[in-house]
Amino acid sequence: MEPMQQNPSRSGSLAYALLTDLYQITMAQGYWENGKADEEACFHMFFRDNPFKGGFAIACGAAQLAEMIDGFSFSDDDIAYLASLDAPGGGALFDRDFLSYLRSMRLSVDVDAAREGTVVFPMEPIVRVTGPILQCQLLETALLCCMNFQTLIATKAARVCLAAQAPVAEFGLRRAQGAGGSLWASRAAVVGGCASTSNVMAGKMFGLPVSGTHAHSWVMAFDDELEAFRAYAKSFPTNCVLLVDTYDVKRGIDNAITVGLEMRARGERLAGIRIDSGDLAWLARYARERLDRAGLSDCGIVLSNDLDEYTIKSIREQGAQVMSWGVGTKLATAYDQPSLGGVYKLSATRACGSSAWEARLKVSEQSSKLTLPGVLDVRRYRFADGRLAGDMVFDVSEPVDERETIIDPADALRRKELGGLPYETLLRPLARCGVSVLSDEDRCAVAARDRTAAGLAHLDESQKRFLNPHSYPVGLEAGLWHRRAAMATALRGVRTPLA
């Protein structure tokens, strides 16, 4: 299904230029006043830990990021608002000439990003932005807003779908963090592997498959449950899944069987029953036995009710045969981890007219917050059978170690040689000179879902387990590791181990 070319930013409802933290704009004025507005910079977005204590993440958010790039400009109303802001010490916060500069500014940055649906890991860049430092700075907050949330939801969806081993419908709209959050959550859930969403607006905007039948209120609106089931089967003979737990699940199953047999006599089929409360594992086994005994072996069972990957795994391990799953709150809200924690860090600068980049490094007071210097990309190596072998973070402007050795950025004793294995680079063009260049395929959530499935299929099972997953090998190219160690030593005056 191809995505429809409609979205909030292109309809003008979201002013991306003001979707930012105030200090991005104050820094931009500082760059402008100090003659640094056109100095070139390179920033990278990455995260430090896998979400949900898992072994991987699924990149998502690039499609919205491309829309943000295309729609990024300061309107007259934006400028008027900024002009109205006062500085805490008195007077206008922003210089009028600077605001005029912003009004006429058009992005000229280049952006490269991992394709949506790509399996990604901590400490490797999933977005790279190069261009005038003032522009790169202004993009930070909105970029992180796009990538952090959607990568988090796509990862949660991937975990749920791995546990389910059957189609999953996302229906978290009513519990999501507002209308905007719900829309992008629904799209990200499909990127992560969900078969459909209940969110009709997201379906229209992003070309997502939509699904749904009826709620308890349908049953309660009739004098009795059997009458309600018969009425629904009459109205939707080709989309009939009956919710059987409004009053009593066992009686509901019996009533559904009655309607299913009546439908069969008419040449129709009861597609399934849905159970939304109680001991789902036990009730699913009971329902399967009753349906099979009645000759309705082609009627599937749908389970819902505050499910997540752990509950689904437990239900399946107890022998439940489930046609599909409905997952809402704990998927659309990333219930057990509210944020990915992705960051956007300056890694290199160069003067106007220069071809040479100067690496930049943030050392900080915590070794875990040591950043990566240079203009970076990621090589993904594979074994002959396509399985993922390891990822190398490298500086595109520096030669690569001939053995293609990777060194764990947090543990210098963990090293691996990847030389001789085939590889591809992960970062692909998303925008050039301030204009998005994503293809229709790269904007399509359903195509990204296929990439997610392919990527996870090539990831070792030990790295996909939910409890204490084995860590996937990601490391810095040996030369990059040593350059970073030397920079850290020089900046802090403290010797780095094995530097």
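Just above sits the structure.
Just so it is clear, the model here is predicted, and its values are computed rather than measured.

**Q** Teacher, can you tell me more about the overall build of the chain here?
**A** In terms of helices and strands, the chain carries 16 helices and 21 strands. Reported as C-alpha extents along the three principal axes, the dimensions of the chain are approximately 80 × 55 × 40 Å. When burial is assessed residue by residue, the chain has 54% of its 499 residues classed as buried. For the chain, the proportion of contacts with a sequence separation of at least 24, taken over those separated by at least 6, is 72%. For the chain, the accessible area works out to roughly 21600 Å², and carbon and sulfur atoms hold 51% of it.

**Q** How do you make sense of helix 16 (residues 478-492) when you look at a structure like this?
**A** Residues spaced three or four apart along an α-helix face the same direction, because each turn holds 3.6 residues. Counted at 1.5 Å a residue, the expected span for helix 16 with its 15 residues is 21 Å, and the 21 Å between its end C-alpha atoms agrees. Within the sequence span of helix 16, burial applies to Ala478, Leu480, Trp481, Arg484, Ala485 and Ala488. Along the axis of helix 16, the buried residues cluster in a sector spanning 165 degrees; they form a single face. Buried positions along helix 16 lie against strand 14 (376-382), strand 15 (388-395), strand 16 (405-408), strand 17 (411-417) and strand 21 (474-477). The residue sitting at the N-terminus of helix 16 and contributing the capping side-chain oxygen is glutamate 477; that oxygen lies 3.0 Å from the backbone nitrogen of glycine 479. Phi turns positive, to about 70 degrees, at glycine 493, one or two residues after helix 16.

**Q** Sorry if this is basic, but what is going on with the pattern of salt bridges here?
**A** Should the charged atoms of two oppositely charged side chains come close, the side chains can pair. If you walk through the whole model with that rule in mind, you get 29 salt bridges. Arginine 432 is the partner of aspartate 112 in a salt bridge, and the nearest nitrogen-oxygen pair spans 2.7 Å. Taken as a pair, aspartate 112 in strand 3 (residues 110-114) and arginine 432 in strand 19 (residues 427-432) lie far apart in primary sequence, 320 residues in all. Where aspartate 336 meets lysine 156, a salt bridge forms, and the shortest distance between an N and an O atom there is 2.9 Å. Pair noted here: aspartate 336 is in the loop between helix 13 (329-332) and strand 12 (343-350) and lysine 156 is in helix 5 (residues 133-164), with a separation of 180 residues, a long-range link. Aspartate 336 sits in the partly exposed class, given a relative accessible area of 42%. A residue is classified by how much of its surface remains accessible, and lysine 156, at 1% relative accessible area, is buried. By sharing partners, the salt bridges in this structure join Arg115, Glu441, Asp442 and Arg451 into a single network.

**Q** What is the right way to look at the nonpolar core in this model?
**A** Residues Phe72, Leu102, Val127, Leu143, Ile273, Trp325 and Leu430 are the most contacted members of the largest nonpolar core, which totals 145 residues. Top contributing element to this core by residue count: helix 5, with 18 residues. Core analysis: the next-biggest nonpolar cluster, separate from the first, contains 6 residues, Ala389, Met392, Phe394 and Leu418 among them.

**Q** Sorry if this is basic, but what is going on with the pairing of strand 3 here?
**A** Within a regular strand, side chains alternate between the sheet's two faces. Counting buried positions over the 5 residues of strand 3 gives 4, a clear majority of the element. As defined by bridge partners, strand 3 adjoins strand 5 (residues 127-132) across 4 bridges and the pair is classed as antiparallel. Among the inter-strand pairings, aspartate 112 is bridged to a residue of strand 5, identified as arginine 128. Here strand 3 runs beside strand 19; their pairing, made up of 4 bridges, is antiparallel.

**Q** What is the right way to look at the layout of surface pockets in this model?
**A** In this approach the atoms are scanned with a rolling probe the size of a water molecule, which exposes any empty space left behind. Counted as a void, the largest pocket has a volume near 1200 Å³. Taken together, 48 residues make up the lining of the largest pocket; nearest its centre are Asp408, Pro409, Ala410, Asp411 and Arg484. Going through the elements one at a time, strand 15, strand 16, strand 17, strand 21 and helix 16 are the ones with two or more residues in the lining of the largest pocket. In the lining of the largest pocket, the residues fall into 22 nonpolar, 12 polar and 14 charged. If you go around the second largest pocket, you meet 37 residues; those closest to its centre are Phe171, Gly212, Arg274, Ser304 and Gly326.

Rules behind the numbers
- Residues numbered from 1 in each chain as written.
- Predicted model: local features only at pLDDT ≥ 70, side-chain atom pairs only at ≥ 80, totals over all residues.
- Heavy atoms only, no water.
- Helix = DSSP H or I, 4+ residues; strand = E, 2+ residues; numbered from the N terminus.
- Buried < 20%, exposed > 50% of the residue type's maximum accessible area, 1.4 Å probe, protein only.
- Contact = heavy atoms within 4.5 Å.
- Areas by Shrake-Rupley, 256 points an atom, 1.4 Å probe, with all protein chains shown as cover.
- Expected span 1.5 Å × (residues − 1).
- Arc of directions from axis to C-beta.
- Polar contact = N/O pair within 3.5 Å; in protein donor to acceptor, adjacent residues only side chain to side chain.
- Salt bridge = Lys/Arg side-chain N within 4 Å of Asp/Glu carboxyl O.
- Core = buried A, V, L, I, M, F, W, Y, C linked by side-chain atoms within 4.5 Å.
- Pairing = 2+ DSSP bridges.
- 1 Å grid on protein atoms, 1.4 Å probe; cavity = no way out; pocket = protein on both sides within 12 Å on 5 of 7 lines; lining within 4 Å.
- Points joined across faces, edges and corners; volume = space filled by probe spheres on them.
- Nonpolar A, V, L, I, M, F, W, Y, C, P; charged D, E, K, R; others polar.

In short, the description is geometric, and any link to function would need to be established separately.
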